[in-house]
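Residue strings, one per chain:
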Amino acid sequence: EASAQQLCVLAAWHYNRQIIALMGLVGAYGVPFLISEDSGNATVLLAYMSLINAGILIIAFRKYWKGLFSTAFWLSWLIFSWWMIFGYERESHFATGLLFNTVFFLLFYGTILAYKLLKKEAYRWTDIALLLANSFIFFGFGYGMLNDHSAGEQFLGLFAVANAAVHFGVGNLIRRDKLADRNLFYFVIGLVLVFI
């Protein structure tokens with residue numbers, strides 16, 4: 001399975017075709033479900049998805065394939081949501097859920113910002129939608145897991161402040177280094193205020 005995915009990535013890179021990468025992405029996400037035999041090992045599935053996402057996002061960024069990024073974004077959060085609804089168990093999956101919720105959030109947040117900052121791309125409503133979706137999906141799952149856990153309930157306020165701190169750090173970096181136009185700065189600072 002790994003060699004097939006590697007061949008797909010190499011072919012997409014060599015022929016400069018996003019459609020080949022999209023087929024490889026769908027195949028990469030489908031393989032664990034086809035061969036899992038209901039083993040229920042969430043850590044392995046989510047770690048596998050994180051590795052796939054890291055590779056896909058590097059390719060999407062290097063080749064400037066935003067469709068590939070968007071597909072990885074929505075498929076990842078859809079699979080994570082499915083697992084949270086039907087497979088998550090508080091006692092055995094609390095740490096795993098928080099860890100991979102954070103990993104997905106940071107991977108996608110970093111990639112979205114990299115498009116804006118490094119590619120000097122104009123700011124559009126689709127970017128706002130992805131940033132908002134990423135931030136609120138992460139916050140919603142994190143808040144739900146903490147609220148559902150006896151020890152986690154006391155950290156709900158800290159979790160919201162930590163979210164605000166991440167956005168504040170990004171906003172400060174944008175302003176200090178003049179990395180983007182003021183609209184992106186104001187948007188990120190708006191997220192700080194929302195989470196505070």
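Keep in mind that this is a model prediction, so the values were computed, not measured.

Engineer: Looking at this model, I keep getting lost on the overall build of the protein chain. Mind explaining?
Structural biologist: The helix and strand tally for the protein chain stands at eight helices and zero strands. Counting from the amino terminus, helix and strand elements in the protein chain follow one another as α-α-α-α-α-α-α-α. Here the protein chain, with 196 residues, has 43% of them falling under the buried criterion. Contacts spanning at least 24 positions in sequence make up 71% of the contacts within the protein chain whose residues lie at least 6 apart. Counting every atom, the protein chain has about 10700 Å² of accessible surface; 67% of that belongs to carbon and sulfur.

Engineer: Help me understand the pattern of salt bridges in this model?
Structural biologist: Pairing between side chains of opposite charge can happen when the charged atoms of each approach one another. For the structure shown, the criterion picks out two salt bridges. Among the ionic pairs, Arg90 bridges to Glu91, the shortest N-O distance being 3.2 Å. Overall, the relative accessible area of 66% leaves Glu91 in the exposed class. When the shortest N-O distance is used, the salt bridge between Arg90 and Asp148 registers 3.6 Å.

Engineer: Explanation requested: the nonpolar core in the structure shown.
Structural biologist: As a rule of thumb, soluble globular proteins bury nonpolar side chains together. Ranked by size, the top nonpolar core spans 43 residues in total, and within it Phe69, Trp77 and Phe80 carry the most contacts. The element best represented in this core is helix α5 (residues 90–118), accounting for nine residues. When neighbours within four sequence positions are excluded, Trp77 is seen to be in contact with Asn101, Phe104, Phe105, Phe108, Asn134, Ile137, Phe138 and Phe141. Membership of the second largest hydrophobic core comes to six residues, among which are Ile52, Ile56, Leu68 and Ala72.

Engineer: When you look at the packing of helix α6 (residues 125–148) against helix α8 (residues 182–195) in this model, what are you seeing that I'm missing?
Structural biologist: Any two packed helices are characterised by how steeply their axes cross, that is the angle between the axes, and by the distance between the axes. Contact geometry of α6 with α8 gives a least axis separation of 12 Å together with a crossing angle of 20 degrees. Taken together, α6 and α8 sit at an angle that is classed as roughly parallel. In this structure, α6 crosses over α8, and the sense of that crossing is right-handed. Residues Ile128, Leu131, Leu132, Ser135, Phe136 and Phe139 of α6 lie in contact with α8, whose contacting residues are Leu184, Phe187, Leu191, Val194 and Phe195.

Engineer: Sorry, what's going on with the packing of aromatic side chains here?
Structural biologist: Centre distance and the angle of the planes are the two values used to describe a pair of aromatic rings. Here the structure, examined in full by the defined rule, presents 17 aromatic pairs. Arranged with centres 5.1 Å apart and planes meeting at 70 degrees, the rings of Phe73 and Phe108 form a pair that is edge-to-face. Note that Phe73 is positioned in helix α4 (residues 66–86) and Phe108 in helix α5, a separation of 35 residues in sequence. For Phe108, a relative accessible area of 0% corresponds to the buried category. With a centroid separation of 5.6 Å and an interplanar angle of 40 degrees, the aromatic rings of Phe136 and Phe195 are classed as tilted. With Phe136 in helix α6 and Phe195 in helix α8, this pair connects stretches of sequence that are 59 residues apart. Taking the relative accessible area as the measure of exposure, Phe136 reaches 37% and is therefore partly exposed. Judged by relative accessible area, Phe195 falls into the buried class, the value being 6%. Here a set of aromatic residues connected by ring pairs shows up, and it is made of Phe105, Tyr109, Phe136, Phe138, Phe139, Tyr143, Phe159 and Phe195.

Engineer: Explain a nonpolar patch on the surface to me, please; I cannot follow it from the model alone.
Structural biologist: Taken together, the side chains of Trp82, Ile85 and Phe86 define a hydrophobic patch exposed on the protein surface, amounting to about 420 Å² of accessible area. Within the secondary structure layout, Trp82 lies in helix α4. Taking the relative accessible area as the measure of exposure, Trp82 reaches 56% and is therefore exposed.

Rules and cut-offs
Residues numbered from 1 in each chain as written. Predicted model: local features only at pLDDT ≥ 70, side-chain atom pairs only at ≥ 80, totals over all residues. Heavy atoms only, no water. Helix = DSSP H or I, 4+ residues; strand = E, 2+ residues; numbered from the N terminus. Buried < 20%, exposed > 50% of the residue type's maximum accessible area, 1.4 Å probe, protein only. Contact = heavy atoms within 4.5 Å. Areas by Shrake-Rupley, 256 points an atom, 1.4 Å probe, with all protein chains shown as cover. Salt bridge = Lys/Arg side-chain N within 4 Å of Asp/Glu carboxyl O. Core = buried A, V, L, I, M, F, W, Y, C linked by side-chain atoms within 4.5 Å. Axes fitted to C-alpha atoms, helices over the stretch in contact; angles between N-to-C directions. Parallel < 35°, antiparallel > 145°, perpendicular 65-115°, else oblique. Left-handed = near helix turned anticlockwise from the far one by under 90°. Phe/Tyr/Trp six-rings, centres within 6.5 Å; stacked < 30°, edge-to-face > 60°. Patch = residues over 30% accessible without salt bridge, like charges linked within 9 Å, V, L, I, M, F, W, Y side chains within 5 Å.

Fair warning: the whole summary comes from geometry, so function is off the table for now.
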